[in-house]
Amino acid sequence: IATLSEVEAVLALEHGMEDRRAAAVEFLGRAEQKGSRVAERYAARVMFFLDEGNLEGARKLITDVFTEAGHAKLFDALGRTLLAEGKTDTAIANLKSAHEMDFKNPRYALLLAHAYGRKEEYPMAHVFLEKALNMVPEHTGSKLERVWARLMQREAVDNAKTQLEQLLKLPEGEISKFERAR
């Protein structure tokens with residue numbers, strides 16, 4: 001149940017699939033009712049805190065449950081919270097820990113790319129972006145991230161514009177509302 005809450009939270013809050021929000025809330029409520037002390041439950045709750053702008057709640061939850069330290073999802077959740085607070089250097093350290101623990105998860109590499117992009121450390125952002133994109137090269141989100149990488153490095157702006165126009169022509173279902181908005 002906790003895992004389902006995290007999956008639905010990711011779909012609703014990261015991918016803009018609003019129709020998944022109710023399922024995320026339901027599964028999270030059931031996991032919390034059972035008292036599940038698993039990282040997925042905490043990660044889902046942190047995503048909702050961040051979505052609500054409740055940075056203090058996110059920070060407190062992660063601090064309170066960090067007794068399960070060593071789980072990539074908790075380092076990820078703390079890194080996201082720190083990014084939202086504008087503490088990019090500390091966020092990067094936590095996101096790196098998540099990535100090192102679960103280096104096959106493209107989300108951690110992608111978050112590192114965005115964090116380095118915020119710091120305008122584009123070579124490092126590009127390294128992590130390529131890692132993430134190589135894990136899921138044909139995903140629509142990956143295609144969007146490749147465009148972002150070109151724009152971030154101020155390269156091939158006309159080519160990036162053409163690729164964006166092609167992505168925007170994709171039918172509903174192949175590109176989410178969230179991806180279209182990005």
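Read on for an overview of the structure. Here the structure is a predicted model, which means the values were calculated and not measured. (Residues numbered from 1 in each chain as written. Predicted model: local features only at pLDDT ≥ 70, side-chain atom pairs only at ≥ 80, totals over all residues. Heavy atoms only, no water.)

Some words on the overall build of the protein
Regarding its fold elements, the protein presents eleven helices and zero strands. For the protein, the succession of helices and strands along the chain, N to C, is α-α-α-α-α-α-α-α-α-α-α. Buried positions account for 41% of the 182 residues belonging to the protein. If you take every contact in the protein between residues at least 6 apart in sequence, the share linking residues at least 24 apart comes to 48%. About 9,600 Å² of surface is accessible on the protein, with carbon and sulfur atoms providing 53% of the total. (Helix = DSSP H or I, 4+ residues; strand = E, 2+ residues; numbered from the N terminus. Buried < 20%, exposed > 50% of the residue type's maximum accessible area, 1.4 Å probe, protein only. Contact = heavy atoms within 4.5 Å. Areas by Shrake-Rupley, 256 points an atom, 1.4 Å probe, with all protein chains shown as cover.)

Observations regarding the packing of helix H5 (residues 72-84) against helix H6 (residues 88-101)
Their axes nearest at 8 Å, the elements H5 and H6 cross at an angle of 160°. One way to sum up the angle between H5 and H6 is to call them roughly antiparallel. Crossing geometry of H5 relative to H6 is assigned as left-handed. Contacts between H5 and H6 involve Ala72, Phe75, Asp76, Leu78, Gly79, Arg80, Leu82 and Leu83 on the former and, on the latter, Thr88, Thr90, Ala91, Asn94, Leu95, Ser97, Ala98 and Met101. Taken together, the residues of the contact of H5 with H6 break down into nine nonpolar, five polar and two charged. (Axes fitted to C-alpha atoms, helices over the stretch in contact; angles between N-to-C directions. Parallel < 35°, antiparallel > 145°, perpendicular 65-115°, else oblique. Left-handed = near helix turned anticlockwise from the far one by under 90°. Nonpolar A, V, L, I, M, F, W, Y, C, P; charged D, E, K, R; others polar.)

A word on helix H3 (residues 39-51)
Taking 1.5 Å of rise per residue, the 13 residues of H3 would be expected to cover 18 Å, and the 18 Å separating its terminal C-alpha atoms lies within 8% of that figure. Taking burial as the measure, the 13 residues of H3 include ten buried ones, the bulk of the element. Trailing H3 by a residue or two, glycine 53 shows a phi angle of about 80°, which is positive. (Expected span 1.5 Å × (residues − 1).)

Section: the nonpolar core
Generally speaking, a soluble globular protein has its nonpolar side chains buried in company with each other. The biggest cluster of nonpolar side chains holds 26 residues, and the ones touching the most others in it are Val46, Ile62, Leu95, Leu112, Tyr116 and Phe128. Only H3, helix H4 (55-65), H5, H6, helix H7 (106-118) and helix H8 (122-135) provide two or more residues apiece to this core. Ranked by residue count, the leading element in this core is H7, at six residues. Leave out the neighbours within four places in its chain, and isoleucine 62 touches Val46, Leu74, Ala77 and Leu78. (Core = buried A, V, L, I, M, F, W, Y, C linked by side-chain atoms within 4.5 Å.)

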